[in-house]
Amino acid sequence: MRAEIQNMKQELTTISMMDEFARYARLERKINKMTDKLKTHVKARTAQLAKIKWVINIVFYILQAALMISLIWKYYSEPVTILPSKWLAPMERLVAFPTGVAGGVGITCWLVVCNKVVAIMLHPFS
Amino acid sequence: SSSDDESHTESKLQHEQDKPNSLPIPAVSKRIVLGDSVCNLSGTSDHASGIIELKGDKKDLFSKASELGNDGTSELRHRSRGDLVSEASQRAPRHRLDQYLSRFDEAMKLRHQLMNEKPNQENGNAGEEFDSFRIFRLVGCALLAIGVRAFVCKYLSIFAPFLTLQLAYMGLSKYFPKGEKKMKTTVLTAALLLSGIPAEVISRSMDTYSKMGDIFTDLCVYFFTFIFCHELLGFFGSEVL
């Protein structure tokens, strides 16, 4: 459609407005009509792309939430790693949640930390 | 005779001057007679000017009522007091509604103003930009975590050096160029404005909240780096052994 409009515009430049006014006006009307049609198509396509993007975002967030919940469900009693408990004082209980292992790093705490670090690393690319 | 004439003309002049003042009396008496219709007028009218006019008329009413006589006066006063009470009760919710609407208008104006000031953003999470101080903080936290894992963690908690670093950052922040403060226009800020909290309090709270967020981010980076270094040392230590 864009090529067609371009061709018609080129044709318009060859027509003299004084000599062939009717033909000039007809062609100009045709160009305007096609331009409006093109704009409508572009708008519709942009809206469709935005909708698809939104759906993909929603699906991604749902998958992310499902993955986190499944990891917490599976590894709630196993610590990610075990450190000497005095290293983590006074927050050893919070860090170890929900494992209850002294000095351990719980899956919940680790997921939150990783989430934040990944968000920071991806920030320049977003 | 001349003095009599003068006094007569003076009294005449005074009478003529009093005439416009006395004109309201029949109008006032008409309003007194109408009574209920005046009340209805005040109840149904939405215009403040009508209420103000009525107030003014009421003032005239009270000022002229004493001239009408005792019998009419007491009855008139009882009636007008009743009217006033009913009007006050009707005015109170209207006043609250007006107050609410004015606050809503202010909140919307502020929101539009802030939205016009800030650039358009596609993503809602893209509000934070990394300035030089932010990057300095994050790199400093990562380096500190490496240093703590290598040398310090055997002697004390890993969070102690982190807290010291944060205190140092608070002091160093003034030496770095500050970027423009962008106030996020969210539903929360609009709701807080509507509930009557001053904008300055909201901005200070948001500022404090953002600072706490920065500290949390630093903590996450610090902890992640520490655990990562710990695991790497453990892995390479086992490999060496």
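Residues numbered from 1 in each chain as written. Chains lettered and ligands numbered in written order. Predicted model: local features only at pLDDT ≥ 70, side-chain atom pairs only at ≥ 80, totals over all residues. Heavy atoms only, no water.

Notes on the nonpolar core
Turning to step 1, where the next piece is worked out: Ranked by internal contacts, the top residues of the largest apolar core, which has 29 residues, are Ile158(B), Phe223(B) and Phe226(B).
Turning to step 2, where the next piece is worked out: Secondary structure elements with two or more residues in this core: α4 (107–122) of chain A together with α6 (132–152), α7 (159–172) and α9 (199–240) of chain B.
Turning to step 3, where the next piece is worked out: Broken down by element, the residue count for this core peaks at seven residues, all from α9(B).
Turning to step 4, where the next piece is worked out: Discounting residues that sit within four places of it in the chain, Phe226(B) has contacts with Leu83(A), Trp87(A), Ala145(B), Val148(B), Arg149(B), Cys153(B) and Ile158(B). (Core = buried A, V, L, I, M, F, W, Y, C linked by side-chain atoms within 4.5 Å. Buried < 20%, exposed > 50% of the residue type's maximum accessible area, 1.4 Å probe, protein only. Helix = DSSP H or I, 4+ residues; strand = E, 2+ residues; numbered from the N terminus. Contact = heavy atoms within 4.5 Å.)

Observations concerning the packing of aromatic side chains
Residue and element names in this part refer to chain B.
Turning to step 1, where the next piece is worked out: Under the defined criterion, the tally for this structure stands at 10 aromatic pairs over all chains.
Turning to step 2, where the next piece is worked out: Here the aromatic rings of Phe136 and Tyr169 are separated by 5.8 Å at their centres, their planes lie at 65 degrees, and the arrangement is edge-to-face. Of the two residues, Phe136 sits in helix α6 while Tyr169 sits in helix α7, which places them 33 residues apart along the sequence.
Turning to step 3, where the next piece is worked out: Using a relative accessible area of 36% as the deciding quantity, one classes Phe136 as partly exposed. (Phe/Tyr/Trp six-rings, centres within 6.5 Å; stacked < 30°, edge-to-face > 60°.)

Concerning helix α8 (residues 187–194) of chain B
An α-helical turn contains 3.6 residues, so any two residues separated by three or four positions project in the same direction.
Residue and element names in this part refer to chain B.
Turning to step 1, where the next piece is worked out: Of the residues making up α8, those classed as buried are Thr189, Ala190 and Leu193. All buried residues of α8 lie within an arc of 100 degrees about the axis, which places them on one face of the element. Of the exposed residues in α8, the ones pointing more than 90 degrees away from its buried face are Val187 and Leu188.
Turning to step 2, where the next piece is worked out: One or two steps after α8, the chain reaches Gly196, where phi turns positive at roughly 100 degrees. (Arc of directions from axis to C-beta.)

Description of a nonpolar patch on the surface
All names here are of chain A.
Turning to step 1, where the next piece is worked out: On the surface, a cluster of nonpolar side chains totalling about 600 Å² of accessible area is made up of Trp54, Val55, Ile58, Val59, Ile62 and Leu63.
Turning to step 2, where the next piece is worked out: Mapped onto the secondary structure, Trp54 falls in helix α2 (residues 21–75).
Turning to step 3, where the next piece is worked out: Given a relative accessible area of 56%, Trp54 falls into the exposed group. (Patch = residues over 30% accessible without salt bridge, like charges linked within 9 Å, V, L, I, M, F, W, Y side chains within 5 Å. Areas by Shrake-Rupley, 256 points an atom, 1.4 Å probe, with all protein chains shown as cover. Salt bridge = Lys/Arg side-chain N within 4 Å of Asp/Glu carboxyl O.)

Remarks on the UniProt feature "transmembrane region" (unreviewed entry) in chain B
Residue and element names in this part refer to chain B.
Turning to step 1, where the next piece is worked out: In the numbering adopted here, UniProt assigns the feature "transmembrane region" (unreviewed entry) to residues 138–163, 183–203 and 215–236.
Turning to step 2, where the next piece is worked out: End-to-end, the C-alpha atoms of residues 138–163 are 14 Å apart, and along that stretch the chain is 77% helix and 0% strand.
Turning to step 3, where the next piece is worked out: With 100% helix and 0% strand, residues 215–236 has its two end C-alpha atoms placed 31 Å apart. (UniProt positions renumbered as here; feature names shortened; annotations may be inferred.)

Quick notes on the interface of chain B and chain A
Turning to step 1, where the next piece is worked out: Counting residues at the interface gives 22 residues for chain B and 21 residues for chain A.
Turning to step 2, where the next piece is worked out: Surface buried jointly by chain B and chain A totals about 1900 Å² across both partners, of which 78% is contributed by carbon and sulfur atoms.
Turning to step 3, where the next piece is worked out: For the interface between chain B and chain A, the tally reads four residue pairs in polar contact (both at pLDDT 80 or more).
Turning to step 4, where the next piece is worked out: The set of elements that each furnish at least two residues to the side of chain B that touches chain A consists of α6 and α9 of chain B.
Turning to step 5, where the next piece is worked out: Of all the elements, α9(B) adds the most residues to the side of chain B that touches chain A, at 10 residues.
Turning to step 6, where the next piece is worked out: Residues of the side of chain B that touches chain A, tallied by class, amount to 12 nonpolar, four polar and six charged. (Buried area = accessible area lost by both parts, 1.4 Å probe. Polar contact = N/O pair within 3.5 Å; in protein donor to acceptor, adjacent residues only side chain to side chain. Nonpolar A, V, L, I, M, F, W, Y, C, P; charged D, E, K, R; others polar.)

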